[in-house]
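Each chain, letter by letter, is given below.
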Amino acid sequence: MMKNYTLRLETPDDYRTVEELTRDAFWDVFKPGCDEHLILHRLRAHADFIPELSVVALDGGTIAGHAAYSRAAIVQKDGARFPIIILGPLSVLPAYQKQGVGSALLRHTLARAKETGFAGCAVCGWPDYYPRFGFERARKYAVTDAAGESPDHLMILPLAVNALPAGTLAESEVFYSVTPEALKAFDKTFPPREKHRRPGQLV
């Protein structure tokens, strides 16, 4: 039987706990260590952050997961920008993974995004996970990344009736702002943790 989680908006009092959660969720997944916790930290202070979609999932008094969204755009050939949103980081504590936390967060926040009037949502993530929530390969909509490619992990979900235009996905500058020096300094504020090279890491 699937557990029911309490979903609510993230508050400033949650910030540090959610950053620790994000660090635990992504550590050694895509590369040795991770930088998603610093991205989230910076994203909250940026105009692209969407606080009304920043939601935590609680199991009793434990924050088990968190979903964050930010403003993005599909840039068309003529330079016109079609506003959409992008999901991420989506974080679940390792002890709660595969227990419905991510699903609860996604269904709740995507429904709220649709009600709020956002036209579409992009995600860069596991291609065998997000389609169950309606995401499709971005190539179906002729949407590419900055390199002009449309890999399997780039997916998009229309949230409005009007079709999404073809073009290049432009994410918030925050996703490209992390330097090794900044990450090292930020990680010093967390408990020390060893990095590992794992099979399947992207870098």
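Residues numbered from 1 in each chain as written. Predicted model: local features only at pLDDT ≥ 70, side-chain atom pairs only at ≥ 80, totals over all residues. Heavy atoms only, no water.

Topic: the nonpolar core
Nonpolar side chains tend to gather and get buried jointly when the protein is soluble and globular.
(1) Moving on: Among the nonpolar cores identified, the biggest contains 39 residues, and Tyr69, Ile85 and Phe135 are the most heavily contacted of them.
(2) Moving on: Leave out the neighbours within four places in its chain, and Phe135 touches Leu110, Cys121, Ala122, Val123, Tyr130, Met155, Ile156 and Leu157.
(3) Moving on: Residues Ala72, Ile86, Ala122 and Tyr141 belong to the second largest nonpolar core, which totals 12 residues. (Core = buried A, V, L, I, M, F, W, Y, C linked by side-chain atoms within 4.5 Å. Buried < 20%, exposed > 50% of the residue type's maximum accessible area, 1.4 Å probe, protein only. Contact = heavy atoms within 4.5 Å.)

Quick word on helix H2 (residues 36–43)
(1) Moving on: Burial of H2 is extensive: six of the eight residues sit out of reach of the surface.
(2) Moving on: Among all positions of H2, only Glu36, His37, Leu38, Ile39, Leu40 and Leu43 are buried.
(3) Moving on: Here the buried face of H2 lies against helix H1 (15–26), strand S3 (62–75), strand S4 (81–92) and helix H4 (180–187). (Helix = DSSP H or I, 4+ residues; strand = E, 2+ residues; numbered from the N terminus.)

Observations concerning H1
(1) Moving on: Here H1 is 12 residues long and its end C-alpha atoms lie 17 Å apart, about the 16 Å a rise of 1.5 Å per residue gives.
(2) Moving on: Where H1 is concerned, the buried positions are Val18, Glu19, Leu21, Thr22, Arg23, Ala25 and Phe26.
(3) Moving on: Looking at the buried side of H1, the elements it contacts are H2, strand S2 (55–59), S3, S4 and H4.
(4) Moving on: Looking one or two residues past H1, Asp28 carries a phi angle of roughly 65 degrees, positive in sign. (Expected span 1.5 Å × (residues − 1).)

Purely geometric numbers; function is a separate question.
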